[in-house]
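Take a look at the letters that make up each chain.
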Amino acid sequence: MLKLRRDTAAQLLALVTLLGVAMAFYFSAGTRFLMPGPMTSAHGGIEACSACHTKSGTGKLGWVHGLVAGDPRADSKACLTCHKMPDTAFNAHGASADRLQESTIRLTKIAAGRALPPSARAQSVAFPMQDVVSGGLFCATCHQEHQGGKFDLKRISDEQCRSCHVVKFDSFDGSHPNFDTYPFKTRTPIIYDHAGHFGKHYPEIAKKEPDKRIPETCASCHDSRADKRVMSVMPFEQVCAGCHLDQITGKTRASGPKGVAFLSLPGLDLETLAKKKAPLGEWPDSDAALTPFMKVMIGRNDKGRALMASVANVNLQDLSTASDDQIKTVTDLAWEIKRLVHALISGKASDVLADLNIATGAKLSPSLVADLTASLPRDVILGAQQEWLPNLAQEITGGPISPAAAAAKAQSNQSPPVADEPPPPEAQQSDAVSEPVATDTEAEPEGDGKVAANKVKLDPPTCVLRVLGACVMFKDPNATVPPPDSANDTAGAADNTESGPVPSTARTLSEPMRAGLGDVVPAASPERTEKVSDKKDDLLFPTDEERRELTERRKAAGSTARPALGTAGGGAVSATEGSPVDGGAPMIAIDSGVDPESWAEYGGWYRQDFAISYRPIGHKDKFLYSWLFLTGPQAPKGSTSPAAAVFDVLTSKDAQGACTKCHSVDDIAGKGRAVNFSQPSAQSKKGRFTNFIHEPHLGMTDERGCLTCHSLEKGQPYLKSYEQGDARTFVPAFGAIKKDVCQTCHTSSKARQDCLLCHKYHIDGAVTPVMSTKLRAP
Amino acid sequence: MSDVGAAMGKVVARSAAPPMRARRPMLGRYTGQAFAIVTLSAGLFGLVWLYGSALRDPRYLDGWILAGGMILQLGFHIAVKSGGLSPKSAVRWRKVHVLLGYLLIAAFASHCDLSLPETALEWMLWTGFVLVTLSGVLGAYLAWSVKVRGIVDERTAFERIPEQRAELARKLQTLVTRADPASAALGLPVPPHDAWIMDLYTTHLRDFFAGQRNVSAHLVRSQGPLKQLTGEIEDLARYVDPQSKDKLTAIRELVVEKDRLDFACVQQSLTRGLFFVHVPVTYALIVLSILHVVVAYAYASGVW
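Just so you know, these numbers come straight off a predicted model, no measurement behind them.

## A look at the overall build of chain A
Here comes step 1: Looking only at helices and strands, one finds 32 helices and nine strands in chain A.
Here comes step 2: Looking at chain A as a whole, 42% of its 778 residues qualify as buried.
Here comes step 3: Total accessible area computed for chain A in this model is approximately 40300 Å², and 58% of it derives from carbon and sulfur atoms.

Written out as structure tokens, the structure reads:
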């Protein structure tokens, strides 16, 4: 009887329970009633179960859909809505398969012969990991929700870490493997030879310039205030500029041009072109080379690229053996250059550069164009055009003018234009050409040439009022113009005239370096090409060999040719038969006696010979940076593309600005090359398995300071490793950190030693994106 | 005398305490069982820890261990109810039932991560399991303690206690009302010994034997009321002749047997009451557990 009652009660209670649950479920709002526990505080605001449980449908019974097998990754992908991660998020550590394989191979070697801890052995036997990791490691593998608001969702035990790893050990102070090459996985982005500076440069500077500030401690250059993880280097201006700023601006440059030739009028074999009756129009007798920047600009469209490809193997200054097709190609090139110059004057630089077919082909932003041209003043180009191609506007609109017409035009230009007079016909077509501009201080040619120059190109009146770049009021043309001091420049012009073809010293310069130069002492001769192993971190202090070479060059230059600084280089069109003659330089109002390059001592644009050059203004020069940044991805090593030519010029050993003296250049697989302008930061440390923070350790060092952990390795070929582009092939300046150093504190009885103290699972971290918010239309 | 002895012999033999030799193996057996339970529980915790260390959700392992154990317990219940077990098998399986119940406590503790629940459904599950477990453990303890003390043997069927109690009352009445034939044969004035015994009967014994008495004392396993009553009997025994002394001795044994029956009745009532909780709540728990498993898999993250 009792049993019967008990059984009846049992059945009744089961029924009541069922009904009670059903009613509670029915009357409760949503399905939170089923929730097994509160979520962590960070996720507490999530209301809908389906936000994370993607298999759950809508409605109160929608959750039953979850019983049907679906995409096992779906829930984890939902996590990535807020926690942005790369495509490899579900790989172990979020690392790429290649990287994991590489690590596994390395660690397998370490693991060979090591004894497994008993618990690890038991776990491997009882619950092998292959089936867990084979399909990917999903978020909930480690982060298990619904365990309360204060639950540490990121908590993971050492044993859990160990379960996947090839190398299994008990603890850090136990059988954790010794460090290999930590912390150096790649070379440092900044090339800084600590040993060389400590042992050589600083003592020498202290001896020569006692007043100069020399770093006393590591903290003089490094600090961790901005980024507690990395001992970052203080700004260049604070710690490097004292010695290295002049190298950037070129003040201490012993040889070679101090500016980068940007635009030039390349020298052509005018005699042959005239013989072949090439419709060249006016062209000065330049001996400059085509700058790589011009190659990039000319090659901004298909036609230009084809043209550049056609003239790639043509010696522009010796066309005696050129075929008719090559003559035509050279003529086309000349006209393309004319059109480029014209476009830069008549339009905006952004109109020309915006079409540059470099980088990804995307349209360049105005700010980038401004950086790429370093805000090149229009007047500089205009002045160059007035001197080099005075009839450019007429030629662009009416085709090539004959040499006779050019001479006549030059005659007519003897009288400076009067403001009240109507503009000449060509001026109606191009305001840019007709606009009188005060030219740079150029030296005059001497003798007949001087007369010719005066006839051809008189200085236009000075503009006294300019609005938006256009001159609205000119200086009275009848005003007295001080006579130019021709004494200095005459010699230079004479030298240039007498020297005839480009001297051998100038020829030895690389083509881009030679651009626009009549005759300069080469920055690098073949003899000076150093062996790789001889490379030194020294521009301030030339070696004895270098000093001797410089002395010899100065002597040679004194007797034969001197740099044609400040000369026009014969940039005039001949009055007869279309051949160029000397003496085409414009009349100058003031002769400062300072060559243009020196005039631009503090950086900026200047015109010299047949080139418009840019002299770096200092550290972080935007012109150099933007060209390196833009051309690097298109400049794989060995490439002959125009972009690669620009990159090579700016990263060569003797490049102006000396950017790559300190900023290393990395080969990026499939992406050209990149100059490392950024110094290490926490951001740049992404992708690493080890996570070290300097800050808490700074007070733990002994009397050796930083050297407690970082031992300076002297005599290592540190600099040599920067001569190639693989950042992972290198020789560190400091020795690797030893495990014993860490183990002085991190033991079971002292400081923490769990895996997550030093290692991070998500090597690339996770980013929480700003949710898109649509703004209402007004 | 001999009649008294013959009448009471069965009672005396049943009430005799088990010998010490028999208790020692029993204690050893229980100690062994306790050791096995502790060892298996520790092993279960270790297994779950190992499972969790292998990047798996341990709640699935201990959850299924718990569910599996509950299914086995339910199977035992069904077998008992359906009468599919022989009495010997039933006894054996009851031991397994109790042992498995102890192991399920460890599985439950592991499944709850040694913490209290935080939601209504979990509280219901938790409360159900705790009630089932407590009622089971207490019932098992009662059975064990009674058995160890030898107060109630297995032959003391709960349903027969009232009958046995009435039998004792009849025996007592017979004993008290029977006159001593030897005294009557002497022809001397009758001593008042029988009157004293009758007085004892009317003032104390009749009511005591009328039904279940001293429930609260038996719940707490107090023997105070019994000692008080037997004390009265022993006090009287000092003033009576040997024949009456024998009678009082027989009465005392009847009192002890009646008290044993009362104790058995209380204990078995308590046990049955606990079963009244244990079984119905188990049914409710099974309903909730099924729902819990369905929900757990419906909301599974797809990892396991």
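## Here we look at the interface of chain A and chain B
Here comes step 1: On the side of chain B, 41 residues touch chain A, which itself brings 50 residues to the contact.
Here comes step 2: Buried surface at the junction of chain A and chain B, summed over both partners, amounts to about 3900 Å²; 71% is from carbon and sulfur atoms.
Here comes step 3: Three residues, A:Arg6, A:Trp63 and A:Phe127, lead the burial of chain A against chain B; their summed loss comes to 16% of the area buried on that side.
Here comes step 4: Our enumeration of links across chain A and chain B arrives at two salt bridges.
Here comes step 5: The closest approach of N and O atoms between B:Lys81 and A:Asp7, which form a salt bridge, is 2.0 Å.
Here comes step 6: Linking chain A with chain B are eight residue pairs in polar contact (both at pLDDT 80 or more).
Here comes step 7: Counting only elements with at least two residues in the side of chain A that touches chain B, the list comes to helix 1 (2–27), helix 4 (118–126), helix 5 (130–133), helix 6 (139–142) and helix 7 (158–164) of chain A.
Here comes step 8: It is helix 1 of chain A that contributes the most residues to the side of chain A that touches chain B, twelve residues altogether.
Here comes step 9: The residue inventory of the side of chain A that touches chain B, partitioned by class, reads 28 nonpolar, 15 polar and seven charged.

## Comments concerning the pattern of salt bridges
Here comes step 1: The final tally for this structure, using the stated rule, is 24 salt bridges over all chains.
Here comes step 2: One salt bridge in this structure joins A:Arg305 and A:Asp302, with 2.3 Å as the shortest N-O distance. In this pair, A:Arg305 and A:Asp302 both sit in helix 13 (residues 302–310), three residues apart, roughly one turn of the helix.
Here comes step 3: Looking at A:Arg305, the relative accessible area reads 31%, which means it is partly exposed.
Here comes step 4: Across the pair A:Glu387 and A:Arg607 runs a salt bridge, and its minimum N-O distance is 2.4 Å. Of this pair, A:Glu387 sits in helix 17 (residues 378–388) while A:Arg607 sits in strand 6 (residues 604–608), and the two are 220 residues apart along the sequence.
Here comes step 5: Residue classification places A:Glu387 among the buried positions, given a relative accessible area of 0%.
Here comes step 6: What you see here is one network of salt bridges that share partners, running through B:Arg165, B:Lys258 and B:Asp262.

## Observations regarding the packing of helix 1 of chain A against helix 11 (residues 242–298) of chain B
Packed helix pairs are characterised by how far apart their axes lie and by the angle those axes make with each other.
Here comes step 1: In contact at an axis separation of 8 Å, helix 1 of chain A and helix 11 of chain B are set at 30° when each is read in the N-to-C sense. As judged from the angle between their axes, helix 1 of chain A and helix 11 of chain B are roughly parallel. The handedness of the crossing between helix 1 of chain A and helix 11 of chain B comes out as right-handed. Note on element contacts: helix 11 of chain B touches helix 1 of chain A through B:Arg272, B:Phe275, B:Phe276, B:Val279, B:Pro280, B:Val281, B:Tyr283, B:Ala284, B:Val287, B:Leu288 and B:Leu291, opposite A:Leu2, A:Arg5, A:Arg6, A:Ala9, A:Ala10, A:Gln11, A:Leu13, A:Ala14, A:Thr17, A:Leu18 and A:Val21.
Here comes step 2: Looking at side-chain class alone, the contact of helix 1 of chain A with helix 11 of chain B contains 17 nonpolar, two polar and three charged residues.

## A closer look at the environment of A:Asp351
Here comes step 1: Within the secondary structure, A:Asp351 sits in helix 15 (residues 349–353).
Here comes step 2: Spatially, the C-alpha atoms of A:Asp351 and A:Val369 are 9.3 Å apart, while their sequence positions differ by 18 residues.

## Overview of the sheet that holds strand 6 of chain A
Residue and element names in this part refer to chain A.
Here comes step 1: Taken in spatial order, the three strands of this open sheet run 3-7-6, and their pairing is antiparallel. The sheet is open, and its two borders are formed by strand 3 (260–264) and strand 6, each paired with just one other strand. Put simply, the sheet's adjacent strands are angled 30° from each other on average, direction ignored.
Here comes step 2: Pairing between strand 6 and strand 7 (residues 611–615): five bridges, direction antiparallel. Residue pairing across strands places Arg-607 opposite Ile-612, the latter belonging to strand 7.

## Some words on the pairing of strand 3 of chain A
Residue and element names in this part refer to chain A.
Here comes step 1: Burial runs high along strand 3: five of the five residues are buried.
Here comes step 2: Sheet analysis places strand 3 next to strand 7, joined by four bridges and oriented antiparallel. Along strand 7, the bridge assignment pairs Ser-264 with Ala-611.

Cut-off values and rules
- Residues numbered from 1 in each chain as written.
- Chains lettered and ligands numbered in written order.
- Predicted model: local features only at pLDDT ≥ 70, side-chain atom pairs only at ≥ 80, totals over all residues.
- Heavy atoms only, no water.
- Helix = DSSP H or I, 4+ residues; strand = E, 2+ residues; numbered from the N terminus.
- Buried < 20%, exposed > 50% of the residue type's maximum accessible area, 1.4 Å probe, protein only.
- Areas by Shrake-Rupley, 256 points an atom, 1.4 Å probe, with all protein chains shown as cover.
- Contact = heavy atoms within 4.5 Å.
- Buried area = accessible area lost by both parts, 1.4 Å probe.
- Salt bridge = Lys/Arg side-chain N within 4 Å of Asp/Glu carboxyl O.
- Polar contact = N/O pair within 3.5 Å; in protein donor to acceptor, adjacent residues only side chain to side chain.
- Nonpolar A, V, L, I, M, F, W, Y, C, P; charged D, E, K, R; others polar.
- Axes fitted to C-alpha atoms, helices over the stretch in contact; angles between N-to-C directions.
- Parallel < 35°, antiparallel > 145°, perpendicular 65-115°, else oblique.
- Left-handed = near helix turned anticlockwise from the far one by under 90°.
- Pairing = 2+ DSSP bridges.

That's the geometry; what it means functionally is another story.
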